[in-house]
Amino acid sequence: MRRIAAAIRYLLLGVLVLIIGLASPVIYVETMCRGDATPAPSAPLVDKIRPEIRTLLTYPEWHIVHAYDDYAAVIGTDDPHAFGFLRAIAGYWSSLCTLTRKSADLGMIDGATRQLVHVIGVSFTFEMMMKAAYEETLGRATAWVRGPERSALDVLSAQQAAAYAIFLQQVPWYRYDFRADARALSRASGGGLRDTERALALGLEHRTRAAYADLMARAVAATGQDDLTLQMVVAGLPAARLRATSGVTVLRQTGAGIVVETPRYRALTLILMDWASSGADFADIAGNDQIMFTALSDRPQAQGALLSMARQGHGDWRHLFLLRVEDLADRLRGLRAEGLQLEHIHDY
């Protein structure tokens, strides 16, 4: 009985330490990352308005997307234990702290957004910690036994990770077919120790994600999905050119330009870059006059960046920029001259 009681105490202590560990970054951000500024007034030119502050606070979600892309890049040529799981976690919370401070310039963070960035941050932290604990122990051991030559499932799991990273750029994670990946691993297994371990470990991970995704899909269905489009005012291009872009609806002509409705997320980045390259200018996006974008370079710093960080597996750096919407098109047209490559324009 004493041994059972001791085991229970150790278990409860471990749970307590885990809870404190997961809660600590949330408490830090909430207490130490507050800004002090008064947002400038704005005059929206469109009907559908999104909170301007969210151009900054969409980045934490995209940090997770980028982390999966980094992970795919690393395991494309190396084993999972080579990925810096703790670096990915630290990058999430440090960027959230910086952007939370800066958000005071744009407005007050609403409760739903604040809750979202913390919930996904805690979930991401827990997932990365669990993956690190496994890949640094049993995963590393089977890779050592396997030797330098990668197994069939090492190759397949890297391909799956890359496909998942691309999927996340436009579609919510809970729509991904994790069960199909688990089945594919089982079918492709060569039967050796490494393949057997990969099929069991990654198969369990995929099926757990699938179960969680089912819960998330039902929750989203019950509460309603976020709007998948936004409105903006575009000048410098004829209506026919704008209308010819897939997913775009021309709404009306105004003195500042043409009001259109466009898709959001990755599709929006491609549309804005295409239009800017063709000579367009932007007067208003979702009722806002400031917007953030990320760009890549081979330099650790970029002039005017809010934040810069190294990308794992890519050998380059990501930079975050906040600027006025009316300056966006000119900046996009000049990125190449600055030695920058556009990565993503963060809507709201």
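Data block above holds the structure.
None of these values were measured; they are calculated from a predicted model.

How each quantity is defined
Residues numbered from 1 in each chain as written. Predicted model: local features only at pLDDT ≥ 70, side-chain atom pairs only at ≥ 80, totals over all residues. Heavy atoms only, no water. Phe/Tyr/Trp six-rings, centres within 6.5 Å; stacked < 30°, edge-to-face > 60°. Helix = DSSP H or I, 4+ residues; strand = E, 2+ residues; numbered from the N terminus. Buried < 20%, exposed > 50% of the residue type's maximum accessible area, 1.4 Å probe, protein only. Lys NZ or Arg CZ within 6 Å of the ring centre and 35° of its normal. Disulfide = S-S within 2.5 Å. Expected span 1.5 Å × (residues − 1). Arc of directions from axis to C-beta. Contact = heavy atoms within 4.5 Å.

So, on to the packing of aromatic side chains. In the structure shown here, the tally under the stated rule is 14 aromatic pairs. On the numbers, 5.4 Å between centres and 85° between planes, the contact of Y71 with F83 is edge-to-face. Remark: F83 occurs in the loop between helix 3 (59–75) and helix 4 (85–102) and Y71 occurs in helix 3; sequence separation between them is 12 residues. One exposure class covers both Y71 and F83, and it is buried. Taken together, a centroid distance of 5.1 Å and an interplanar angle of 65° make the contact between Y176 and F178 edge-to-face. Aromatic rings pair up to connect Y68, Y164, F167, W173, Y174, Y176, F178 and Y212 into one cluster. When the ring centre of F321 is taken as origin, the NZ or CZ atom of R331, which lies over that ring, is 4.7 Å away.

Another point: the state of the cysteines. Overall, the coordinates contain 1 disulfide when judged by the stated rule. Note that C33 is cross-linked by a disulfide to C97, the S-S spacing being 2.0 Å. Because the sign of the S-S torsion sets the handedness, a value of about -95° for the bond joining C33 and C97 places this disulfide among the left-handed ones. Of this pair, C33 sits in the loop between helix 1 (2–32) and helix 2 (54–57) while C97 sits in helix 4; the two residues are 64 residues apart in sequence, bridging distant segments of the chain.

Position of G191 among the secondary structure elements: in the loop between helix 7 (178–188) and helix 8 (193–223). Considering only alpha carbons, one finds G191 and A221, 30 residues apart in sequence, at a separation of 41 Å.

Taking 1.5 Å as the rise per residue, helix 8 with 31 residues should run 45 Å; its terminal C-alpha atoms sit 45 Å apart, in good agreement. One or two steps after helix 8, the chain reaches G224, where phi turns positive at roughly 100°.

Okay, helix 7 next. Listing the buried residues of helix 7 in full gives F178, D181, A182, A184 and L185. Summarising the axial view, the buried residues of helix 7 lie within an arc of 160°, below the 170-degree limit, and thus occupy one face. Buried positions along helix 7 lie against helix 6 (152–167) and helix 8.

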